[in-house]
There are 2 protein chains.
Amino acid sequence: MARSLVVVLAGGIGGGRLAFGLSRLLRTADLMVVANTGDDFEHLGLAICPAIDAALYALAGLDDTAAGHGRRDDSLVFMQTLGALGGAGWWRLGDRDLALQVARTGRLRVGELLSTITADLAGRLGVGSPIVPMSDDPVQTRLRTDGGWIALHDYAIRQAARPVVHEVVFAGAIAARPHPDILAALAGPRLRAVLVGPDNPFSSIDPILAIPGMRAAIAECTAPILAISPLGGRPTADGPIARMLRDLGISASAAGIARRYAHMLDGFILDHKDAGQISGLPIRAFAAELGTDTPEDCEALARVALETADSLVG
Amino acid sequence: MARSLVVVLAGGIGGGRLAFGLSRLLRTADLMVVANTGDDFEHLGLAICPAIDAALYALAGLDDTAAGHGRRDDSLVFMQTLGALGGAGWWRLGDRDLALQVARTGRLRVGELLSTITADLAGRLGVGSPIVPMSDDPVQTRLRTDGGWIALHDYAIRQAARPVVHEVVFAGAIAARPHPDILAALAGPRLRAVLVGPDNPFSSIDPILAIPGMRAAIAECTAPILAISPLGGRPTADGPIARMLRDLGISASAAGIARRYAHMLDGFILDHKDAGQISGLPIRAFAAELGTDTPEDCEALARVALETADSLVG
């Protein structure tokens, strides 16, 4: 059987953009997105799933790359009215994006599984490749900061990554079960590669790995496992990811991230500008252009990732 | 102390329109709307409160009189997207109206009282007169029909009043407490009149009266109590209200409604076209123009109601 299936671990926006790039190169049946749900949160009574939506909108060609989340060219009638009614406005919800949040929330409240809802919504948005929540069980990424325990969206969006982070935990992870489709894909004969998306490893990839059985399933898979540095493309020395790395006592560099994940990776791709960090790494590393601003950037990154992964086979 | 306070029992749209008419004649401090919450329901995970919103939008000058609920000139970007995502579209939620529903739902979920939220939202919409939910405790109007037990919105909107209604009950009413502001207003020396809005008595006014203590507080108040027939203005012989009356074995006429409420009323206003039904009624009845289509209609109805109520004093 042809090894054609590429599994992307998508922590957030980076993973969504990588998946979008891959979708331009692969048949829909050959791409599976595993979405981090640790950053899911309730806002205004709505169930918001940032990583799922990042992938959903990216694969549907609808993502708002400038705003960072939500749908492109969305109208803001709801937000403007909500502001006048005293509602919290720190999480942007365009009128079209809101329809997704409301549709999902209503279905969750009557007991449907997040994975079932996600699959249905993806189909309705014309997305053929499966976007699978890492688990249908609740997992919550919590940060211990100098301002107390807060959720990731609170840290990253509402407080603009200003608090100092001392610790990251994934509440509920110990009792969560990986979605069976993910385990089947990782154990299956069609697996071509596992790609770890360019997202914050501590807050956005680790929650996926924190689910019992997930790390082992990845370790045991027969395909190459490749991660892409989230410190790429734009200057990131003062960005939220670099800041959290420093807070946690990790070298705020691609090399620091590569070392952290070395034990589970067959390869690591970092940005051209970080190429000087390759020598001395305990892992095979490759330099590439890591931008994901345009569709062409995403496709180029996806192509490099695929070719690099294929080169690691055998 | 001047008897200036008018309390409107608002079951739904009719009460909202009457309150709007009164707001054109009275000082804001002289009008209190008591809103039926028996028809509140959860839709798409949102807490929808039709009677509160009817009053809120009417008093804010924002109600959509053509659509029957929601805000005038609202955009439908959310609804159209929701439709494409498979969400239920039988309850119209414009983008601006949705902001109200989401703001309210989010606040209810964190434990705020419906009355507190309503007062705050009213203030933000520029509504000065209090709109008070009949109770902060949950009451649910349930209809036993030939299609089983259903909620009022399900009957009236989703199923377009097609099922045959055998019985109406108000689940939770027995344990609900009237909002204290209502009791204070009814017992206070400022009370000028209690006006029962032109809404379906069985499904929309009875839930208010079903709350222990409410009926007695109304019976004991020292001001005239006047109801306005909901069968007015437009041809209603085949309308939902007439149909439900017939289902319940009541004469589907203004006289039938007047008789039903005679024991608690000092007077009843019915439509000019129903003036022939006045003779023989066990209650003082008056004929008037009951239309509420235009602001002028609403004001005229309010003026007649006030003058009639005042004429009943002493």
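Residues numbered from 1 in each chain as written. Chains lettered and ligands numbered in written order. Predicted model: local features only at pLDDT ≥ 70, side-chain atom pairs only at ≥ 80, totals over all residues. Heavy atoms only, no water.

I would appreciate a short explanation of the overall build of chain A in the present structure.
Of regular secondary structure, chain A possesses twelve helices and twelve strands. For 314 residues, the compact-globule estimate of 2.2 N^0.38 gives 20 Å, and the C-alpha radius of gyration of chain A, at 18 Å, lies within 12% of that figure. Judged by the C-alpha coordinates and their principal axes, chain A covers about 60 × 45 × 40 Å. Out of the 314 residues in chain A, the part that is buried amounts to 59%. Across chain A, the fraction of contacts at a sequence separation of at least 24, relative to all contacts at a separation of at least 6, is 69%. Of the roughly 11,900 Å² of accessible surface on chain A, a fraction of 53% belongs to carbon and sulfur atoms. (Helix = DSSP H or I, 4+ residues; strand = E, 2+ residues; numbered from the N terminus. Rg over C-alpha atoms; globule rule 2.2 N^0.38 Å. Buried < 20%, exposed > 50% of the residue type's maximum accessible area, 1.4 Å probe, protein only. Contact = heavy atoms within 4.5 Å. Areas by Shrake-Rupley, 256 points an atom, 1.4 Å probe, with all protein chains shown as cover.)

Is there a simple way to think about the side chain of Ser129(A) in this case?
Looking at the secondary structure, you find Ser129(A) in the loop between helix H5 (114-124) and strand E5 (131-133). If we ignore the near neighbours within four places in the chain, the residues touching Ser129(A) are Thr28(A), Leu31(A) and Leu59(A).

I tried to follow empty space enclosed by the protein on my own but got confused; where do I start?
Where empty space is left can be seen by rolling a probe of water-molecule size over the atoms. Residues and elements named next belong to chain A. Under the defined criterion, the tally for this structure stands at three cavities of 30 Å³ or more. The volume enclosed by the largest cavity comes to roughly 60 Å³. Every residue lining the largest cavity is listed: Ile48, Pro50, Asp53, Tyr57, His69, Gly70, Trp91, Asp97 and Gln101. Secondary structure elements with two or more residues in the lining of the largest cavity: helix H2 (50-59) and helix H4 (95-109). In terms of residues, the lining of the largest cavity owes the most to one element, H2, which gives three residues. For the lining of the largest cavity, a count of residues per class yields four nonpolar, three polar and two charged. (1 Å grid on protein atoms, 1.4 Å probe; cavity = no way out; pocket = protein on both sides within 12 Å on 5 of 7 lines; lining within 4 Å. Points joined across faces, edges and corners; volume = space filled by probe spheres on them. Nonpolar A, V, L, I, M, F, W, Y, C, P; charged D, E, K, R; others polar.)

Explain the interface of chain A and chain B here, please?
Many authors give the size of an interface as the accessible area that is lost as the parts come together. Taken together, the contact between chain A and chain B spans 26 residues of the former and 26 residues of the latter. Carbon and sulfur atoms make up 74% of the surface buried where chain A meets chain B, a total of about 2,000 Å² over both sides. It is Leu85(A), Val102(A) and Arg124(A) that lose the most area in chain A upon contact with chain B, and together they represent 27% of the buried surface on that side. The interface formed by chain A and chain B contains two residue pairs in polar contact (both at pLDDT 80 or more). Top element by residues in the side of chain A that touches chain B is H4(A). It accounts for nine residues. Tallied by class, residues from the side of chain A that touches chain B come to 14 nonpolar, five polar and seven charged. (Buried area = accessible area lost by both parts, 1.4 Å probe. Polar contact = N/O pair within 3.5 Å; in protein donor to acceptor, adjacent residues only side chain to side chain.)

Could you clarify how one ought to interpret the sheet that holds strand E9 (residues 191-196) of chain A in this entry?
Remark on secondary structure: sheet strands pair via backbone hydrogen bonds, oriented parallel or antiparallel. All names here are of chain A. Read across the sheet, seven strands follow the order E5-E2-E1-E9-E10-E11-E12 without closing on themselves; strand pairing throughout is parallel. For this open sheet the edge positions go to E5 and strand E12 (285-288), each flanked by a neighbour on one side alone. Strand-to-strand, the axes of this sheet are offset by a mean angle of 25°, without reference to chain direction. Here helix H1 (residues 13-23) sits on the sheet in contact with strand E1 (5-10), strand E2 (31-35), E9 and strand E10 (225-228), set at roughly 160° to E1. (Pairing = 2+ DSSP bridges. Axes fitted to C-alpha atoms, helices over the stretch in contact; angles between N-to-C directions.)

Help me understand the pairing of E9(A) in this model?
In the case of a regular strand, side chains alternate between the two sheet surfaces. Residue and element names in this part refer to chain A. With five of its six residues buried, E9 lies for the most part within the structure. Where E1 lies against E9, five bridges are found, and the strand directions are parallel. Residue pairing across strands places valine 7 opposite valine 194, the latter belonging to E9. Here E9 runs beside E10; their pairing, made up of three bridges, is parallel. Bridge pairing links valine 194 to isoleucine 225 in E10.

How do you make sense of the sheet that holds strand E8 (residues 165-171) of chain B when you look at a structure like this?
Residues and elements named next belong to chain B. Across the sheet, which stays open at both edges, the three strands sit in the order E7-E6-E8 with antiparallel pairing between neighbours. At either end of the open sheet lies a strand with only one pairing partner, and these are strand E7 (148-151) and E8. When strand polarity is set aside, the average angle formed by the axes of neighbouring strands in this sheet is 30°. One ladder, built from four bridges, connects strand E6 (residues 140-145) with E7; its direction is antiparallel. When the bridges of E7 are listed, arginine 142 appears paired with alanine 151.

Please explain unusual backbone geometry as it appears in this structure.
A negative phi holds for most residues other than glycine; trans holds for most peptide bonds. All names here are of chain A. Even without being glycine, alanine 160 reaches a positive phi, approximately 50°. For alanine 160, the location among the structural elements is in the loop between helix H6 (152-158) and strand E8 (165-171). Under the relative-accessibility criterion, alanine 160 is labelled partly exposed at 37%.

Looking at this model, I keep getting lost on the environment of Glu112(A). Mind explaining?
Residues and elements named next belong to chain A. Turning to its location among the elements, glutamate 112 is positioned in the loop between H4 and H5. Separated by 187 residues in the primary sequence, glutamate 112 and glutamate 299 place their C-alpha atoms 34 Å from one another. Dropping the residues within four chain positions of it, glutamate 112 is found in contact with Arg107 and Ile117.

When you look at the relation of the copies chain A and chain B in this model, what are you seeing that I'm missing?
One chain copy maps onto the other through a rotation about an axis and a shift parallel to that axis. Screw-axis analysis of chain A against chain B gives a translation of 0.0 Å along the axis, an RMSD of 0.0 Å, and a rotation angle of 180°. Interpreted geometrically, this transformation is the action of a two-fold axis. Relative to the rotation axis, the closest C-alpha in chain A is found at Asp95(A), a distance of 3.4 Å. A share of 100% of the interface residues of chain A reappears at the interface of chain B, consistent with the copies meeting face to face through the same patch. (Least-squares fit on C-alpha atoms with pLDDT ≥ 70 in both.)

I keep staring at helix H1 (residues 13-23) of chain B and nothing clicks. Help me out?
Along an α-helix, a turn takes 3.6 residues, which lines up residues three or four apart on a common side. The buried fraction of H1(B) amounts to nine of the eleven residues, a majority that puts the element mostly inside the structure. Buried positions along H1(B) lie against strand E1 (5-10), strand E2 (31-35), helix H2 (50-59), strand E9 (191-196), strand E10 (225-228) and helix H12 (295-311) of chain B.

I would appreciate a short explanation of the environment of Ile150(A) in the present structure.
Residue and element names in this part refer to chain A. Among the secondary structure elements, isoleucine 150 is positioned in strand E7 (residues 148-151). The exposure class of isoleucine 150 is buried, given its relative accessible area of 7%. Sequence separation of isoleucine 150 and aspartate 266 is 116 residues, and the distance between their C-alpha atoms is 34 Å. In this structure isoleucine 150 touches Thr141, Arg142, Leu143, Thr145, Tyr155, Gln159 and Pro163, once residues within four positions along its chain are discounted.

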